[in-house]
Amino acid sequence: MRLSVKMILFCLLVGIVPLAGMAGYSLHNASVSLKEQSFGKLVSLKEAKAHELDGLTELWNRDITMYSEAKYVYSALVRLRDIIFYAAQPGKPMDLTDEDYVHALKRVAPDFTPWVKVRGYADALVLDDTGRIVFSMAHGKELGEDIAKGPLAKSQLLDAWKRALKGETVFVDFSPYGPLDGLPCAFIAAPIRRYGEAIEGVAMLRIPIDSVNKVMSTRAGMDETGEAYLVGPDGLMRSDLHSDPDGHSVVASFAAPLEGAMRSEPALHALDGQSGRMDSVDYRGREVLAAFSPVEVGDISWGLVAKIDSSEAMAPVRKLKEAAMVVSGGSVAGIVLITLFFLRLVLLKPLKELRVYAGRVAEGDLAARPRGRFRGELGEVTEAIEQMVHNRGEKMGEAEEASRLAQTRAVEAEAAVVRAEGERRARTDAARAQREGMLQAAGMLDTVVSGMREASATVNQESDRIMEGANSLSNRVETTAASMEELAGSIRAVAENAETASKDAANARQRAQEGSEVVRRTVDSIGDVHTITENLREQVAQL
């Protein structure tokens, strides 16, 4: 990677990384703060709903107390019970067409009307101490039934009736109610006392689903996806779900328990008696923020959950991220432009000129000079490079001068080698000539010696007669012959020395001089021999 690219990337990182870090830190803080704010709203909403439900439960308790202690309720119980006491059979519904009973119902009904039309309850019931439903304001199918031994014996009303006869105020949770074809119903029951003393029956009010939904459906401060709902111990809905009124209403939940059950994690925690808040996934698989807590209704515990989709709760953060992206993009673009302009002006252009200058120097133009303005460290680097190039030029000049001198010395050395080779060849030729001359001289001496031996033999033969006079001369001749033989040996030694001298070129001149001296002495000896020989010939001739 080129240095310019590295510098650009480095400058961009120096500018962008802190910006990205600040943006990320700000977005994280905003996200955390917004999530805390959303959780705070959910907790407030959950607490408000729980408070309203507590008020609704207290209202039910006050109403059932007021209802069970009303004198007209006790009077209606006594009147209706006395009419059906002898006619009704245990376990079987009573005859609702009995004139006395019908007449009594019409007489007592106006006293109960306010509980339905004013107080908003779905029905007002009166049961005697045998479990017979002697009055129903709604005139439903349960009127006249024996809940102790009849078809309703398996319903939750039986347990509530028994507990109310013991003096308790009992809340009956929502469950399928047979007389209404399985629709979920809830009741609240309390004992009916005779003048505040002995218990002679049970008063019940059927709680409408709308009373609970009215509290839970209030959407103030919930935004678009915010909602609160109730879940019973069985996991079924106790209030209609705003986001899915068809599949997760109270009625739909009891009608199809598998599909209508609410098994979200916050609901399960609430049913376990826990309170808190958490990130979770709802029944649709969407991420939500949820706050949860248990709600006590009588002796039943419901789970209360307030939730909102994370996408909506964190929408401001998403918008902030988008704004941060726009701002960051603009900032990055500005940083890039400023960085490129600055680097081009201060670094890239001077570096380009230095690169051009270095290229010219590399091509051999040592007289080149960098163009442009170089400031700061680049100026110092430029001066150092120019000084280096100048020094390099001087060194190259010195090297060229040394090269020329070396070439001159090489030529002189070659000439000297040629001269030395000529001298060596001359010495070799001289030595060879000397050797050949010596060998020639030795041959001549051999011939002379042979002749002298022959002459000596002739002299010996001819001097038999003059033995006495020539003995001294003969001794001298033999002595001379011995000297000649020694001289011949010396000449052969000289020839061998000359042969050795030709092999040792280093000592050739000295050996040649020695050989020349030997040759000179030999020639002198030959002259002496020749003189002696002439004298002998003359003496022989005289003899």
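Residues numbered from 1 in each chain as written. Predicted model: local features only at pLDDT ≥ 70, side-chain atom pairs only at ≥ 80, totals over all residues. Heavy atoms only, no water.

**Some details on the environment of M262**
With respect to the secondary-structure elements, M262 resides in the loop between α7 (257–260) and α8 (265–271). M262 sits in the buried class, given a relative accessible area of 2%. The spatial distance from the C-alpha of M262 to the C-alpha of M237 is 6.9 Å, given a sequence separation of 25 residues. Excluding its chain neighbours within four sequence positions, the residues that come into contact with M262 are Y229, V231, G235, M237, L241, H248, A267 and Y283. (Helix = DSSP H or I, 4+ residues; strand = E, 2+ residues; numbered from the N terminus. Buried < 20%, exposed > 50% of the residue type's maximum accessible area, 1.4 Å probe, protein only. Contact = heavy atoms within 4.5 Å.)

**Considerations on the packing of aromatic side chains**
For the coordinates displayed, the defined rule picks out 9 aromatic pairs. Both rings, one in Y72 and one in F112, keep their centres 5.6 Å apart while their planes meet at 90 degrees; by these two values the pair is edge-to-face. Of this pair, Y72 sits in helix α2 (residues 71–84) while F112 sits in helix α3 (residues 99–117), and the two are 40 residues apart along the sequence. On the accessibility criterion, F112 (0% relative accessible area) is buried. Joined through ring pairs, the aromatic side chains of Y67, Y72, F112, W115 and F135 make up one cluster. (Phe/Tyr/Trp six-rings, centres within 6.5 Å; stacked < 30°, edge-to-face > 60°.)

**Considering the environment of K154**
Residue position: K154 is located in the loop between β2 (133–136) and α4 (156–165). We classify K154 as exposed; its relative accessible area is 83%. Considered as a pair, K154 and G178 are 24 residues apart in the sequence and their alpha carbons are 10.0 Å apart.

**Some points on the environment of I64**
By the element assignment, I64 lies in helix α1 (residues 3–69). Separated by 123 residues in the primary sequence, I64 and F187 place their C-alpha atoms 9.9 Å from one another. Those residues in contact with I64, other than ones at most four positions away along the chain, are T169, I188, A189, A190, A203, M204 and L205.

**What to know about the pairing of strand β4 (residues 183–194)**
In terms of residue burial, β4 counts as a mostly covered element, since 9 of its 12 residues are buried. Of the strand pairs in this sheet, strand β3 (residues 170–177) and β4 are connected by 6 bridges, and their pairing is antiparallel. Within β4, the position partnered with F171 by the bridge is I188. Counted between consecutive antiparallel strands, the loop separating β3 from β4 contains 5 residues, among which D181 sits at a positive phi close to 60 degrees. Where β4 lies against strand β5 (residues 198–207), 9 bridges are found, and the strand directions are antiparallel. Paired with R194 across the strands is A198, a residue of β5. (Pairing = 2+ DSSP bridges.)

**Comments concerning the sheet that holds strand β6 (residues 227–231)**
Taking strand neighbours across the sheet as the criterion, the 4 strands line up as β6-β9-β8-β7 in an open arrangement whose pairing is antiparallel. Here the strands that pair on one side only, and so sit at the sheet edges, are β6 and β7 (276–281). For this sheet, the mean inter-axis angle between neighbouring strands, taken without regard to orientation, is 30 degrees. One ladder, built from 6 bridges, connects β7 with strand β8 (residues 287–297); its direction is antiparallel. The residue bridging R277 from the neighbouring strand is A291, located in β8. (Axes fitted to C-alpha atoms, helices over the stretch in contact; angles between N-to-C directions.)

**Regarding helix α5 (residues 209–216)**
In terms of burial, α5 is largely enclosed, as 6 of its 8 residues are buried. The complete set of buried residues in α5 reads I209, S211, V212, N213, V215 and M216.

**Considering the pattern of salt bridges**
Under the criterion given, the structure shown has 14 salt bridges. The closest approach of N and O atoms between R81 and E200, which form a salt bridge, is 3.4 Å. Separated by 119 residues along the polypeptide, R81 in helix α2 and E200 in strand β5 bring together distant segments of the chain. Exposure remark for R81: the relative accessible area of 16% places this residue in the buried category. Between R284 and D309 there is a salt bridge; the shortest N-O distance is 2.9 Å. One end of the pair, R284, is in the loop between β7 and β8; the other, D309, is in strand β9 (residues 300–309), and 25 residues separate them in sequence. By relative accessible area, R284 is classed as partly exposed at 31%. (Salt bridge = Lys/Arg side-chain N within 4 Å of Asp/Glu carboxyl O.)

**Observations concerning the sheet that holds β2**
As summarised here, the arrangement of the 5 strands in space is β2-β1-β5-β4-β3, forming an open sheet in which the pairing is antiparallel. The sheet is open, and its two edges are formed by β2 and β3, each paired on a single side. In this sheet, adjacent strand axes meet at a mean angle of 25 degrees when their direction is disregarded. Here strand β1 (residues 123–128) pairs with β2 via 3 bridges, running antiparallel.

**Some thoughts on unusual backbone geometry**
Phi at H139 is positive, roughly 50 degrees, even though this residue is not glycine. Within the secondary structure, H139 sits in the loop between β2 and α4. At D181, a residue that is not glycine, the phi angle is positive and equals roughly 60 degrees. Within the fold, D181 resides in the loop between β3 and β4. Taking the relative accessible area as the measure of exposure, D181 reaches 65% and is therefore exposed.

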